[in-house]
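# Descriptive analysis of the structure
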Amino acid sequence: MIARESFFSEDKLSVSGKNWQFSKIDDSEVLMISQNHGLPEIVSRVLVARGVNDNKVGRFLSPKLKDHLGEKEGQTNPMLLKDMKKAAERIVEALSKGEQIAIFGDYDVDGATSSALLYRFFQSLGHEVHIHIPDRINEGYGPQSETFMRLEEEKKVNVIITVDCGTTAFDELEIVKKNTKIDVIVVDHHQAETRLPASFAVVNPNRVDEECSDAQDLAAVGVSYLFIIAIRRVLRESGWFTRKNIPEPDLKEWLDLVALGTVCDLVKLKGLNRALVAQGLKVACRRKNTGIAALSDVAQINEQINCYHMGFLIGPRINAGGRIGESDLGSNLLKTDDSMDARECAQKLDILNKERQEIEKHVFSEASSQIERDSKNKAAFVLASSNWHQGVLGIVASRLKEIYNKPVCLFSIDEKKNIAKGSGRSVTGFDLGTAVINARNQGLLSSGGGHAMAAGMTVNAKEQNNPLASMIDRFAQYLIDSFSESGVAVGGDYYIDGVLDIRGANLDLLNQLERLSPFGMGNRQPRFVLHKAKIMKPEIVGEKHIRCFLTGPSGGSLKAIAFNVSGTSLGKEMLQTRSLPYDVAGYLKTNFWQGKESAQFIIEDMASMHG
C-alpha cells in the first residue's frame, strides 16, 4: 500500500466534483487488530474505518443472529417493541378462532419479501392467508379504505397486516376503523409522526415514542421477521403447538427473503441487519426458495448469490412488476413452491424488467436534459413532466443522485386529475423522509413520507386549490433551502480506505476483503485509489459503460470498467486521457469469465494531476 502522506502531497481535482477523504483511523488500533486477529494491515484498516474496535472484530467477521437477538444487554428483544406483544397476541387469537387474515404489502422488493415471509410463516402453521399488493398507478401507495372494506366483504377478513406501509395512512385507516370491524396491524419501518394511524397496533421501530432503538435501521422485512419471532413465542407459551400437534417452524429457513428485502431497501448493514443478511445469503445459496432460484436462473447467476446479485440482478426484476406491470408478481413468485409457476413468473418479470429499462432510459434522458438546461447549479433537483412513467421515477432519481451528488425528486404529472406523484432519493447526511413529512405538514404536499435516503410524495392541486406548477416550484424551493441549511456538502464526500499500487490490486487482496462482506449502506464497499494510473484502450460497451486497462508506474495491468458514465464528465475524461497519469478511485470486484476468476477495478471517479 502507498503511504497516504505522499498521496495527499499533490493537488487533486476530482473529475466528478467529489470531495475525496481518507477515512480517519487510529493506527494503533489497526496494529492491535492485526496482531490479535492475524489480519492483514489493509483489512484491519478498513475495519477501524467502519468503527469496529478490537473487541468487536469477531462478531463483525462472523455475524450470528444469536449475538444480536435476545434479552441480553446490547441485543434486540422483539417483545420490547411498542405494540409487538399486543399485535402478536391478536394474531394468536385469530389463529385460535380460525379468523381470516390478510396481508397488505407495498409493491417494492421490501413489501414483496415481507408479504411472502408472513405468507410462508402462516402456511407453516396450516393457516392460509390472502395477500393484496396494490397497483401503483390505479391504487397508489399505502392502505386504501375501499380495498380493506372489499376484503372484509368478499374474503370475510377479520385482521389485516400492512407491511412496509401504513404508518402515515391517517385518513384511510380512520375510514376503515369507522366503517368495518377489521383489526389493522401496521408493520412498518418508515419515519413516523407524533400521531399514529387509527389501528389495532403499530409495530414500527421508528415510532417517535419507541424506546427500543436497536431496531431502527431494519427494513420492513426485518421488522416482519421480528413479528413472526414474537408470534411464535406467544404460540409456544400458550401451548398452541402442543395442542395442534404442529412442529414449531424454523424461522431461519426464510432468512433469504429477509436478506433480499434488506439489501434492496438500502438500509444500513450494521448490527442485526448485517447478521440477517449474512445468514440469509447462506440460505439463498442453498436455493431453498423456488422463486429466488428461478430468478437467479433467469438472471444467469452462475455463482454463489451475494449482495450485488440481490441488489442489482434479482431485486430490479422483482421491482419491475410493481413499477410497470402486475404488482403482485413479486410476492407471488417468492411465496410459491411450484417450480413451473416460479419459472413462468420469473420470465414475466425478466421481460418487464427489459421494458422498465427502456422506459427508464427515456425518463433519464429527459430529466438529465432538464438539469443541464435549467437546474445544474441548484443545491437540489426537483423535476416534473407529464411524459414520465411513475414507476421508474425512484430508480432514475437514484441514478441522478449518484451523478450529481445532490438530493433528487422527480414528479409524474397527471394533467387530467391535476395531480403529480413523485419519488425522491437523498445523499448521506440529509434525511429526505423527515424533510418530506415537514413539507406535507406545511401544506406543500398533500401526502408523503419515507426514510432518510428515499421518499415518496404527492401534490394534489385540486385539493389544495393552487396551480400544480406553482406548488411543485414551492416544494422545490423548500427542498433546496432545507438541503442548503443542513450543512451537507453539495459535492459529496468520497471516502477512501487506502492507496494501492496496481500490482497489489489482485485476487489475494479481494479474498481478504471479502471477509468484511456483506457490503452496503453502513458498511460501504472498501474503496481505493490506484496512484498515477494510466487508462489504456478505453472503449464504450453496452451503450453506457466504458471499459479499459489500467497500468501503473511500477508495472502491472488491471482490467477496469466504469458503469453508466457515457456522456458524463467522468466518461468524457476517460475517453480523452491521452495516456496521462491519473489517480483512479473505485473498488475491486471479482470478474468471472469462461470459468476463470480475475480481479477487476470498478472506476467511480478520477483525479487529475496535470491541471
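These numbers come from a predicted model, not from an experiment.

### A word on a positive patch on the surface
A cluster of like positive charges, contributed by K64, K66, K252, K282, R286 and K288, occupies part of the molecular surface. Within the secondary structure, K282 sits in helix α12 (residues 271-285).

### Examining the pattern of salt bridges
Two side chains of opposite charge can pair, provided their charged atoms sit close to one another. What the rule picks out here adds up to 26 salt bridges. Here D183 makes a salt bridge to R90, at a shortest N to O gap of 2.7 Å. Of this pair, D183 sits in strand β6 (residues 183-187) while R90 sits in helix α5 (residues 84-97), and the two are 93 residues apart along the sequence. We classify R90 as buried; its relative accessible area is 7%. With a shortest N-O distance of 3.1 Å, R120 and D337 are connected by a salt bridge. Placement of the pair is R120 in helix α6 (residues 109-124) and D337 in the loop between α15 (329-335) and α16 (339-375), with a sequence separation of 217 residues. One network of salt bridges, in which partners are shared, links R90, E93, K97, E99 and D183.

### Comments concerning the nonpolar core
Ranked by internal contacts, the top residues of the largest apolar core, which has 102 residues, are I91, F122, Y225 and F227. Here this core gets 11 residues from one element, more than from any other, and that element is helix α9 (residues 220-237). In contact with F227, other than residues within four places in its own chain, are M84, A87, A88, I91, L118, I161, I185 and V187.

### Quick look at unusual backbone geometry
Peptide bonds are trans in most cases, and residues, glycine excluded, mostly fall at negative phi. The step from S517 to P518 runs through a cis peptide bond, and the omega angle for that step is 5°. Tracing the backbone shows P518 in the loop between α21 (507-513) and β15 (528-541). Even without glycine at this site, N405 takes up a positive phi of about 55°. Within the secondary structure layout, N405 lies in the loop between α17 (393-404) and β9 (408-414).

### Description of the pairing of strand β10 (residues 419-425)
One face of the sheet, then the other: side chains in a regular strand alternate in exactly this way. Along β10, six of the seven residues are buried, which leaves the element largely enclosed by surrounding structure. Pairing of β9 with β10, which is carried by seven bridges, proceeds in the antiparallel orientation. Within β10, the position partnered with V408 by the bridge is R425. Bridge analysis of β10 against strand β12 (residues 454-460) gives seven bridges, and the strand direction is antiparallel. Its bridge partner being in β12, A420 is matched across the sheet by V459.

### Some points on the sheet that holds strand β8 (residues 381-385)
One open sheet holds the five strands; their spatial order is β8-β9-β10-β12-β11, and the pairing between them is mixed. Each of the sheet's edge strands pairs with one partner strand only, and the pair in question is β8 and β11 (447-450). In this sheet, adjacent strand axes meet at a mean angle of 15° when their direction is disregarded. As judged from the four bridges shared by β11 and β12, these two strands associate in the antiparallel manner. Bridge pairing in β12 places G450 opposite A455. The strands that helix α18 (residues 432-441) touches are β9, β10, β11 and β12; relative to β11, the one it contacts most, it runs at about 160°.

### Remarks on the packing of helix α13 (residues 290-298) against α16
Relative to each other, α13 and α16 sit at 45°, their axes nearing to 8 Å. Of the possible angle classes, the one that applies to α13 and α16 is oblique. The element α13 and its partner α16 pack so that their crossing is right-handed. Of the residues in α16, those in contact with T290, G291, A294, L295 and V298 of α13 are S339, A342, R343, A346, Q347 and D350. Taken together, the residues of the contact of α13 with α16 sort by class into five nonpolar, four polar and two charged.

### Some thoughts on the side chain of H189
For H189, the location among the structural elements is in the loop between β6 and β7 (201-203). Owing to a relative accessible area of 3%, H189 belongs among the buried residues under this scheme. Within polar-contact distance, the side chain of H189 engages the side chain of D164 at 3.2 Å. Polar contacts involving the side chain of H189 include one to the main-chain carbonyl oxygen of L218, which spans 3.1 Å.

### A few points about the sheet that holds strand β3 (residues 100-105)
Strand order in the open sheet made by the five strands is β4-β3-β5-β6-β7, with parallel pairing throughout. Where the open sheet ends on each side, the last strands, each with one partner, are β4 (130-132) and β7. Averaged over all pairs of adjacent strands, the angle between strand axes in this sheet comes to 20°, irrespective of strand direction. Of the pairings in the sheet, the one linking β6 to β7 comprises three bridges and is parallel in character. Looking at β7, one finds that V187 is bridged to V203.

### Comments concerning the pairing of β9
Counting buried positions along β9 yields five of seven residues, so the element is predominantly enclosed. Across five bridges, the pairing between β8 and β9 is parallel. Its bridge partner lying in β9, S385 is registered against S412. Note on the crossover from β8 through α17 to β9: the handedness is right-handed. Between β9 and β10, which pair antiparallel in sequence order, lie four residues; one of them, N418, sits at a positive phi of approximately 60°.

Criteria and cut-off values
Residues numbered from 1 in each chain as written. Predicted model: local features only at pLDDT ≥ 70, side-chain atom pairs only at ≥ 80, totals over all residues. Heavy atoms only, no water. Patch = residues over 30% accessible without salt bridge, like charges linked within 9 Å, V, L, I, M, F, W, Y side chains within 5 Å. Areas by Shrake-Rupley, 256 points an atom, 1.4 Å probe, with all protein chains shown as cover. Salt bridge = Lys/Arg side-chain N within 4 Å of Asp/Glu carboxyl O. Lys, Arg positive; Asp, Glu negative; His and termini not counted. Charge placed at Lys NZ, Arg CZ, Asp CG, Glu CD. Helix = DSSP H or I, 4+ residues; strand = E, 2+ residues; numbered from the N terminus. Buried < 20%, exposed > 50% of the residue type's maximum accessible area, 1.4 Å probe, protein only. Core = buried A, V, L, I, M, F, W, Y, C linked by side-chain atoms within 4.5 Å. Contact = heavy atoms within 4.5 Å. Pairing = 2+ DSSP bridges. Axes fitted to C-alpha atoms, helices over the stretch in contact; angles between N-to-C directions. Parallel < 35°, antiparallel > 145°, perpendicular 65-115°, else oblique. Left-handed = near helix turned anticlockwise from the far one by under 90°. Nonpolar A, V, L, I, M, F, W, Y, C, P; charged D, E, K, R; others polar. Polar contact = N/O pair within 3.5 Å; in protein donor to acceptor, adjacent residues only side chain to side chain. Right-handed = clockwise from strand over helix to strand, strands pointing away.

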